[in-house]
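Remarks on the overall topology
Each chain, letter by letter, is given below.
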Amino acid sequence: MTLLTAEGIGLSIGGNRILDAVDVAFRRGRVTALLGPNGAGKSSLLACLAALRVPNEGAARLDGADVAGLDRRERGRRIGFLPQAADVHWDVDVATLVALGRLPHQGRWGATAADRAAVERALAATDMDGLRTRGVERLSGGERGRALLARVLAGEPEWLLADEPLASLDPAHQLDVLARLRGVADAGSGVVLVLHDLHLAARIADDAVLMRGGRVIAAGPADDVLTAPLIAQAYGVDVEIGVTPGGQRFILPIAR
Ligand code: ADP
Ligand code: MG
């Protein structure tokens with residue numbers, strides 16, 4: 001049982017306090033939604049967890065070890081990071097991009113049959129099989145998001161950290177990707193997702209972390225965190241929370 005934690009994380013960039021005393025523990029086998037208004041510090045926290053940023057205070061720890069100090073290949077095998085699709089400009093075809101997700105597993109002899117099988121599973125799981133020879137630069141935003149997801153799925157990480165993986169996906173692919181991420185958690189990995197759609201968060205998240213102004217204002221089981229008062233405190237909007245006739249929870253922002 002591995003544990004990924006943020007312990008007393010403080011981050012300042014250019015004199016701005018971006019994260020302040022952030023303490024959170026994430027659990028494997030669970031989907032955790034990282035929520036909060038624009039500028040809350042969600043991407044910055046995710047970047048610290050993935051060791052893409054090193055905090056000024058505190059640390060992100062994997063089983064107690066500072067992630068920033070882990071061997072790069074080990075970190076790459078254990079923590080998969082899915083950046084925002086708009087941030088990626090790699091001029092390779094889809095199959096090549098997805099195969100990059102296996103690099104941390106490969107020795108000096110290159111890809112094995114197991115590596116190739118993992119790539120095929122990831123392409124199939126994201127519905128990208130038919131686009132495998134397409135250049136990443138010639139994909140739509142949503143297709144690019146799925147290609148990036150395939151890359152991180154191919155690595156079969158213990159922890160999958162994704163920054164707004166549903167942005168720019170059409171509704172059918174949003175639900176597809178949610179189902180896929182659910183499957184990753186059900187198979188035992190920890191899934192941490194920055195989401196800005198409360199409705200989709202309510203649909204997938206087991207746990208939720210609500211941030212504002214670089215601080216965590218609530219964390220715990222999603223049903224305890226995604227309440228009208230806490231959402232109002234974080235986002236400054238009122239919401240209607242209900243359950244559909246089909247039994248699905250929904251959260252609808254309403255005008256004040
Ligand atoms: P979120 O993902 O919740 O929208 P971010 O973590 O991206 O928030 O950003 C949190 C705050 O930090 C924002 O006010 C943003 O402007 C600031 N910020 C993020 N990255 C940088 C940077 N490289 N330099 C300066 N400020 C930054
Ligand atoms: Mg962000």
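Residues numbered from 1 in each chain as written. Chains lettered and ligands numbered in written order. Predicted model: local features only at pLDDT ≥ 70, side-chain atom pairs only at ≥ 80, totals over all residues. Heavy atoms only, no water.

The protein goes by ABC transporter ATP-binding protein in an unreviewed UniProt entry, where it is assigned to Sphingomonas insulae. Turning to the protein, the UniProt annotation filed under Function (unreviewed entry) states: "Part of the ABC transporter complex HmuTUV involved in hemin import. Responsible for energy coupling to the transport system." (UniProt positions renumbered as here; feature names shortened; annotations may be inferred.)

In this section: the pairing of strand E1 (residues 4-13). Here E1 pairs with strand E2 (residues 16-26) via seven bridges, running antiparallel. Of the residues in E2, the one forming a bridge with Thr-5 is Ala-25. In this antiparallel pair of consecutive strands, E1 and E2, the connection spans two residues, and Gly-14 shows a positive phi of 50°. Bridge count between E1 and strand E4 (residues 57-62): five bridges; the pairing is antiparallel. Bridging from a neighbouring strand, Glu-7 pairs with Ala-59 of E4. (Pairing = 2+ DSSP bridges. Helix = DSSP H or I, 4+ residues; strand = E, 2+ residues; numbered from the N terminus.)

A few words on helix H6 (residues 171-186). Residues spaced three or four apart along an α-helix point in a common direction, a consequence of the helix completing one turn every 3.6 residues. The first and last C-alpha atoms of H6 sit 22 Å apart over 16 residues, in line with the 22 Å expected at 1.5 Å per residue. The set of residues buried in H6 consists of His-173, Gln-174, Val-177, Leu-178, Leu-181, Val-184 and Ala-185. Projected down its long axis, H6 carries its buried residues within an arc of 140°, all on one side. As for H6, its buried residues are in contact with strand E3 (31-35), helix H5 (141-154), strand E7 (159-163), strand E8 (190-194) and helix H7 (198-204). Of the residues that open H6, the one with a side-chain oxygen 3.1 Å from the backbone nitrogen of Ala-172 is Asp-170. Trailing H6 by a residue or two, Gly-188 shows a phi angle of about 115°, which is positive. (Expected span 1.5 Å × (residues − 1). Buried < 20%, exposed > 50% of the residue type's maximum accessible area, 1.4 Å probe, protein only. Arc of directions from axis to C-beta. Contact = heavy atoms within 4.5 Å. Polar contact = N/O pair within 3.5 Å; in protein donor to acceptor, adjacent residues only side chain to side chain.)

A few words on the packing of helix H4 (residues 113-125) against H5. As a packed pair, H4 and H5 sit with axes 8 Å apart at the nearest point and diverge in direction by 145°. Note that H4 runs across H5; the crossing there is right-handed. Note on element contacts: H5 touches H4 through Ala-150, Leu-153 and Ala-154, opposite Ala-118, Val-119, Ala-122 and Ala-125. Classifying every residue of the contact of H4 with H5 by side-chain character gives seven nonpolar, no polar and no charged. (Axes fitted to C-alpha atoms, helices over the stretch in contact; angles between N-to-C directions. Left-handed = near helix turned anticlockwise from the far one by under 90°. Nonpolar A, V, L, I, M, F, W, Y, C, P; charged D, E, K, R; others polar.)

We now examine the nonpolar core. Counting 50 residues, the largest nonpolar core has Leu-35 and Leu-226 as the members making the most contacts within it. With seven residues, H5 is the largest single contributor of residues to this core. If we skip the residues at most four places from it in the chain, Leu-226 touches Leu-35, Leu-198, Ala-201, Ala-202, Ala-208, Ile-231, Ile-241, Arg-249 and Ile-251. The next biggest cluster of nonpolar side chains, apart from the first, holds 27 residues, and it includes Ile-9, Leu-19, Leu-46 and Ala-50. (Core = buried A, V, L, I, M, F, W, Y, C linked by side-chain atoms within 4.5 Å.)

This brings us to the pattern of salt bridges. Under the criterion given, the structure shown has 20 salt bridges. Close ionic contact of Glu-156 with Arg-102 constitutes a salt bridge, the shortest N to O distance being 3.3 Å. Residue Glu-156 is found in the loop between H5 and E7, and its partner Arg-102 is found in the loop between helix H3 (94-100) and H4; the two are separated by 54 residues along the sequence. Its relative accessible area of 7% is what places Arg-102 among the buried residues. Put simply, Arg-146 and Asp-127 hold a salt bridge, and the shortest N to O gap is 3.9 Å. Taken together, the residues span a long stretch of sequence, with Arg-146 in helix H5 and Asp-127 in the loop between H4 and H5 at a distance of 19 residues. Residue Arg-146 is classed as buried on the basis of its relative accessible area, which comes to 7%. One continuous salt-bridge network, built from bridges that share partners, spans Arg-28, Asp-63, Glu-74, Arg-78 and Glu-158. (Salt bridge = Lys/Arg side-chain N within 4 Å of Asp/Glu carboxyl O.)

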